[in-house]
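Residue-level structural notes
For reference, the chains in residue letters:
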Amino acid sequence: MAENGNDAPSGDAQSKFIRVFEGDVPSVPPMWFMRQAGRYLPEYRELRSKAGSFLDLCYNSDLAAEVTLQPVRRFDLDAAILFADILLIPHALGQDLRFVAGEGPRLSPVVSAGDLDAFRQCDIHPTLSPVYETVAKTKAELGADKALIGFAGAPWTVATYMLAGGPMKDPASLRRRFYEENDFITGLIDVLCEKTVEYLIKQIDAGADAVQLFDTWASGLPWPVLEAVSVKPLEHIANQIKKARPGVPVILFPKGVGEKLGEYALIRNCDGVGIDYAMDPSWARTHLPGRVVVQGGLDPLLVVAGGKEMERAAETYLKLFHDVPYIFNLGHGFIPETPPENVAALVKFVRSYNG
């Protein structure tokens, strides 16, 4: 876990979120939510209608900072997470990116082996400079007791979109390409590792207090493939970030990997891991604390339903992790149908819980 030091961002002494990574176990855990900013909030929908395209919103630092701050203001959460998209790196590398209503992102042209040299030489920062401005503007508006989390997509997850030209419900064909075109796939992963390190360090320098990597498509991979395309690349990124910015916590969220999450927790420079809603929280409590800070777990669909079922599920995590560093969060992101009043009720329940 992260140690205190001169390399830590300013304001850490007052941030409950950061203190957890220093071993603190508060009576009420720090709390934030994946996809806490977005379509379930009316204030987001109002602002989104003014922004133009979703990509325009991501690259408008004033609007993106406002979106980042909206849920923190509404629910008094302990951390904000940068509003951006995991596919901004491919866009900065030269792929055309658009978001199609009802279908999701589309990337073109589809990446081939001939693109790798150009990717290696590409300077991503001119395209991504508005993102760094969003971080700086958001940090300037946050109180010292609130942390700001930067993020990026993990190389494998980003690569699946780049190779398919959009989202894939079954990435089996990409796994086959790993076997049949190993040099190309591993070369693409290597490029994305280096660009992701650059991207996250820039976010940290702009004001991010911690960074999180999302590997949404890590599930369903045989161990040798998972190790090659997810575990080892995330280890490399964590090591490079710690080498450059030693005081900044690195959180990994490889969704759907089950007990293989223990392998990520063994990464020396991994400070925290997110547990998804399919993870047995008892297994996580037994095997993960002491290595890393545990974050998350609650099924986001329970927040759609709200009420006693949501509270009982939240209590499970609060009881299990009451005596170890823990961050209350979801096991994946809010969906658009989530009632904001249920989010407020969840926050109130967690804050008032006394075991």
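Here, every reference points to the structure presented above.
For the rest of this paragraph, the subject is the overall build of the protein. Secondary structure assignment for the protein yields 16 helices and nine strands. For a compact globule of 355 residues, the expected C-alpha radius of gyration is about 20 Å, and the protein comes in at 19 Å, within 12% of that figure. Judged by the C-alpha coordinates and their principal axes, the protein covers about 60 × 45 × 45 Å. Relative to its 355 residues, the protein shows a buried fraction of 57%. Counting contacts in the protein only where the partners sit at least 6 residues apart, residues at least 24 apart contribute 73% of the total. With an accessible surface of roughly 14300 Å², the protein has 48% of that area assigned to carbon and sulfur atoms. For the protein, the distance from the average site of its 35 positive side-chain charges to the average site of its 45 negative ones is 3 Å.

Before going further, it helps to spend a moment on the layout of surface pockets. For the largest pocket, the calculated volume is near 1500 Å³. Taken together, 40 residues line the largest pocket, and the ones lying closest to its centre are R35, R39, F54, D85 and F99. For the lining of the largest pocket, the secondary structure elements donating two or more residues are α2 (42-51), β2 (96-100), β3 (104-108) and α8 (155-164). When grouped by side-chain class, the residues that make up the lining of the largest pocket number 24 nonpolar, nine polar and seven charged. Considering only enclosed or pocket space, the second largest pocket measures out at about 190 Å³ in volume. Along its surface, the second largest pocket is lined by 16 residues, and P26, S27, P29, L318 and H322 are the ones closest to its centre. In terms of residue class, the lining of the second largest pocket is made up of 12 nonpolar, four polar and no charged.

It is worth spelling out unusual backbone geometry at this point. A cis amide bond links S108 with the next residue in sequence, P109, at an omega value of -10 degrees. Look at R35: it is not a glycine, yet its phi comes out positive at around 55 degrees. Tracing the sequence through the fold places R35 in the loop between α1 (16-21) and α2. Of note, the phi angle at D76 is positive, near 55 degrees, even though the residue is not glycine. Mapped onto the elements, D76 comes out in the loop between α4 (61-75) and β1 (79-81).

So, about the packing of helix α15 (residues 307-320) against helix α16 (residues 340-352). Where α15 contacts α16, the axes come no closer than 10 Å and their chain directions differ by 40 degrees. For the element pair α15 / α16, the angle class is oblique. In the crossing of α15 with α16, the sense of the turn from one axis to the other is right-handed. Packed against α15, whose contacting residues are M310, E311, A314, E315 and L318, the element α16 presents N342, A345, L346, F349 and V350 at the interface. Looking at the contact of α15 with α16, its residues break down into seven nonpolar, one polar and two charged.

The first and last C-alpha atoms of α4 sit 22 Å apart over 15 residues, in line with the 21 Å expected at 1.5 Å per residue. Where α4 bends most, the angle comes to about 30 degrees, and this point is L69, followed within four residues by the proline P71. The complete set of buried residues in α4 reads S61, A64, A65, V67, T68, L69, Q70, P71, V72 and F75. Contacts from the buried residues of α4 go to α2, α3 (54-59), β1, α7 (125-141), β4 (147-153) and α16. One side-chain oxygen at the N-terminal end of α4 lies 3.2 Å from the backbone nitrogen of D62; it belongs to N60. In the segment just after α4, D76 is the residue with positive phi, at about 55 degrees.

For the coordinates displayed, the defined rule picks out 18 salt bridges. E66 is the partner of R73 in a salt bridge, and the nearest nitrogen-oxygen pair spans 2.8 Å. E66 gets classed as partly exposed once you look at its relative accessible area, which sits at 27%. Between E315 and K319 there is a salt bridge, and its shortest N-O distance comes to 3.8 Å.

We now examine the packing of α8 against helix α9 (residues 172-180). It is at 11 Å that the axes of α8 and α9 come closest, and there the two elements cross at 100 degrees. As judged from the angle between their axes, α8 and α9 are roughly perpendicular. Contacts between α8 and α9 involve W156, T160 and L163 from the former and L174, R175 and R177 from the latter. Class assignment for the residues of the contact of α8 with α9 results in three nonpolar, one polar and two charged.

Here is what the cut-offs are and how they apply
Residues numbered from 1 in each chain as written. Predicted model: local features only at pLDDT ≥ 70, side-chain atom pairs only at ≥ 80, totals over all residues. Heavy atoms only, no water. Helix = DSSP H or I, 4+ residues; strand = E, 2+ residues; numbered from the N terminus. Rg over C-alpha atoms; globule rule 2.2 N^0.38 Å. Buried < 20%, exposed > 50% of the residue type's maximum accessible area, 1.4 Å probe, protein only. Contact = heavy atoms within 4.5 Å. Areas by Shrake-Rupley, 256 points an atom, 1.4 Å probe, with all protein chains shown as cover. Lys, Arg positive; Asp, Glu negative; His and termini not counted. Charge placed at Lys NZ, Arg CZ, Asp CG, Glu CD. 1 Å grid on protein atoms, 1.4 Å probe; cavity = no way out; pocket = protein on both sides within 12 Å on 5 of 7 lines; lining within 4 Å. Points joined across faces, edges and corners; volume = space filled by probe spheres on them. Nonpolar A, V, L, I, M, F, W, Y, C, P; charged D, E, K, R; others polar. Axes fitted to C-alpha atoms, helices over the stretch in contact; angles between N-to-C directions. Parallel < 35°, antiparallel > 145°, perpendicular 65-115°, else oblique. Left-handed = near helix turned anticlockwise from the far one by under 90°. Expected span 1.5 Å × (residues − 1). Bend = angle between axes of the 7 residues up to and from the residue. Polar contact = N/O pair within 3.5 Å; in protein donor to acceptor, adjacent residues only side chain to side chain. Salt bridge = Lys/Arg side-chain N within 4 Å of Asp/Glu carboxyl O.

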